[in-house]
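Reading the structure
Residues per chain are reported as follows:
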Amino acid sequence: MRQTIVLSANASPQRGGQGLNLYHMVNGLRGCFDVVLFCRDAFPAVKTQIVPPSILSSWIGKVPVVRRHRDLQNRWSDVHFDEYVARRLPPAKLFQGVGGQCYHSLERAKTLGCRTVVDSITTHIDDFFDHQKRECAKFNVRPAIGDRMRDRTRKEYSRADLIRVLSEHARRTFLERGFQNVIVVRPRLDVSEFPEAKFQEGKFRVSFVGLLEPWKGFHYLADAFNALDLPNAELVFWGAPGTRSVSHYLQDLMRRNPNIHVRPVEVRTCYGEVYAKSSVLVHPSLSEGFGYVVAEAMASGIPVIVTRNAGAADLVEDGKNGYVVPAGDPESIRDRLAHLAAHPELLEKMGRAARQTMLERHDDEWRKYADALEQLIA
């Protein structure tokens, strides 16, 4: 007899990194469990309860004077979501919530006799918080997560029977803090969704894809590209700035260097334009649980440059399908870009190896994860 698992995530399936994680989680587990889902939008394949948005959080986002307090906006949104789920949690054998969004629902699940899992889409909250706070200070912006959410998330870790992370790097940040009940389950990716790069654009295009937030390290990439001073090269930031300070920084960057562009597009509607027409993707994150864009770029057949602090570095064989560099080190990024630009034949060679890496990922992590959950409730 199939057991019931309740999944909750303050996200819409397939929208943003958290929504992609939710989408993969549901599809990875619904073959083994009866899934009940709490989220922001319908998922037709399983029984879904749509959680309405927080009125207070929505109000903050619309008022210019207070919307810069995004840590409060995020906290109230996640707390509202958590309390809504806790009040409506049905009987089940397992409950799994996303870190920072399940403090009350974990407690309620325990009272119902559920075994519990925290799905951590970042590194350990202390690791993520420290990097975020330091980099945001450079732009004089408030971090997206404040002290109270940090404390809530720590308590969630302590309450959980199991913690799921997306990479070995993320797992290490938990092990370093004394947690042993941590399992790595990486995201799935359908390589057929991604058109393969042909390297026929005539330009050396360096791409960054994702949120233009300080902890993503985009400013280190900008420094590296400016130091290159390459003819017939461009840097494209595929994303939108999250704060006015970052927006001003990018505008000044583009004024000083006309080969730098910002294109705020929905990447998942135009993979062929974003990845297949790029020469290399650089993911300079200071703290990242995984980094879907790295896997997407590799599936598109372009080499990648990632930091050691990005979980998707698990996929990279340094010098074969991309490069792994220290976090916060623009000189290392510059050196790798200069090498690729000077040896264009490497782009295609390393790009083929990157795509092959994604094609050969026949891992059975989701089956192992389902087995681990079944053992949890045995």
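Above this text is the structure in question.
Residues numbered from 1 in each chain as written. Predicted model: local features only at pLDDT ≥ 70, side-chain atom pairs only at ≥ 80, totals over all residues. Heavy atoms only, no water.

Some words on the sheet that holds strand 2 (residues 34-39)
Just so we agree on the cut-off: Any two strands between which DSSP finds at least two bridges are classified as paired. Working definition: helices are DSSP H or I runs of at least four residues, strands are E runs of at least two. Numbering for both runs from the N terminus. Simply put, an axis is a line fit to the C-alpha atoms, just over the touching stretch for a helix, and the angle between two N-to-C directions goes from 0 to 180 degrees.
Read across the open sheet, the seven strands follow the order 3-2-1-4-5-6-7; overall the sheet is parallel. The open sheet is flanked by strand 3 (47-50) and strand 7 (182-184), the only strands paired with a single partner. With strand direction ignored, the average angle separating the axes of adjacent strands in the sheet is 20°. In terms of strand pairing, strand 6 (residues 162-165) meets strand 7 through three bridges, oriented parallel. Paired with I163 across the bridge in strand 7 is V182.

Here's the deal with the layout of surface pockets
To find leftover empty space, one rolls a probe the size of a water molecule over the atoms. For clarity, the cut-off: Residues are called lining when one of their atoms sits within 4 Å of a cavity or pocket point, these points coming from a 1 Å grid over the protein atoms alone, where a cavity is a set in which a 1.4 Å probe fits but cannot get out and a pocket is an open set with protein on both sides within 12 Å along at least five of seven lines. Grid points are joined across faces, edges and corners, and a volume is the space filled by probe spheres set on the points. Residues were grouped as follows: Ala, Val, Leu, Ile, Met, Phe, Trp, Tyr, Cys and Pro as nonpolar; Asp, Glu, Lys and Arg as charged; and all remaining residues, including Gly, as polar.
As a volume, the second largest pocket reaches approximately 240 Å³. Looking at the second largest pocket, it is lined by 17 residues, and the ones nearest its centre are K203, F204, S279, P344 and L347. Looking at the lining of the second largest pocket residue by residue, the classes come out as nine nonpolar, five polar and three charged.

Observations regarding the pairing of strand 4 (residues 94-98)
The following threshold applies: Throughout, exposure labels follow a simple rule: accessible area from a 1.4 Å probe, protein chains only, divided by the maximum for the residue type, with under 20% read as buried, over 50% as exposed, and the rest as partly exposed. When the strands point away from the viewer and the path from the first strand over the helix to the second turns clockwise, the crossover is right-handed.
With five of five residues buried, strand 4 is to be regarded as a mostly interior element. With four bridges joining them, strand 1 (residues 4-8) and strand 4 adopt parallel strand pairing. Within strand 4, the position partnered with S8 by the bridge is G97. Relative to strand 5 (residues 115-119), strand 4 runs parallel, the two sharing five bridges. Bridged to V98 within strand 5 is D119. Following the backbone out of strand 4, through helix 4 (residues 103-111) and into the adjacent parallel strand 5, one traces a crossover that is right-handed.

With respect to the pattern of salt bridges
Side-chain pairing between opposite charges can occur once the charged atoms of the two side chains come close. Formally: Each reported salt bridge corresponds to a side-chain nitrogen of Lys or Arg within 4 Å of a carboxyl oxygen of Asp or Glu.
Following the criterion strictly, the structure yields 28 salt bridges and no others. Linking K138 and E135 is a salt bridge whose minimum nitrogen-to-oxygen distance equals 3.3 Å. Of this pair, K138 and E135 both sit in helix 5 (residues 125-138), separated by three residues, roughly a single helical turn. You can call E135 buried: its relative accessible area is 1%. A salt bridge links R268 to E296, with the shortest nitrogen-to-oxygen separation between them at 3.0 Å. A residue pair is termed long-range when its members are at least 10 positions apart, and R268 in the loop between strand 10 (260-262) and helix 10 (271-274) and E296 in helix 11 (residues 292-299) qualify at 28 residues.

What about empty space enclosed by the protein?
For the coordinates displayed, the defined rule picks out one cavity of 30 Å³ or more. Around the largest cavity sit L7, S8, A9, N21, L22, M25, Q96, V98 and D119, which together line it. Sorting the residues of the lining of the largest cavity by element identifies strand 1, helix 1 (16-29) and strand 4 as the ones contributing at least two each. In terms of residue count, the dominant contributor to the lining of the largest cavity is helix 1 (three residues). Counted by class, the lining of the largest cavity contains five nonpolar, three polar and one charged residues.

Overview of the side chain of R152
Let me state the cut-off plainly: Whenever two N or O atoms come within 3.5 Å, that pair is a polar contact, provided that in protein one can donate a hydrogen and the other can accept it, and provided that, for residues adjacent in sequence, both atoms are side-chain atoms.
Checked against the element boundaries, R152 lands in helix 6 (residues 147-159). Residue R152 is classed as buried on the basis of its relative accessible area of 13%. Among the polar contacts made by the side chain of R152, one reaches the side chain of D82 at a distance of 3.0 Å.

Section: helix 12 (residues 330-342)
Note the threshold: One less than the number of residues in a helix, times 1.5 Å, gives the span that helix is expected to have. Arc definition: it is the arc formed by the directions from the helix axis to the C-beta atoms. We call two residues in contact whenever any of their non-hydrogen atoms come within 4.5 Å of each other.
With 13 residues, helix 12 extends 18 Å from end C-alpha to end C-alpha; this agrees with the ideal 18 Å at 1.5 Å per step. Here helix 12 has its buried residues at P330, S332, I333, L337 and L340. Burial along helix 12 is one-sided: seen end-on, the buried residues are contained in an arc of 160°. In the core, the buried residues of helix 12 are packed alongside strand 8 (204-209), helix 8 (218-228), strand 11 (280-283), strand 12 (304-307), strand 13 (322-325) and helix 13 (345-359).

Side note on unusual backbone geometry
One non-glycine residue, N140, lies in positive phi territory at about 55°. Its location among the elements puts N140 in the loop between helix 5 and helix 6. Owing to a relative accessible area of 73%, N140 belongs among the exposed residues under this scheme. In this structure, F199 takes a positive phi of about 55° despite not being glycine. As for its position among the elements, F199 is in the loop between strand 7 and strand 8. Of the residues examined, F199 reaches a relative accessible area of 25% and is grouped as partly exposed.

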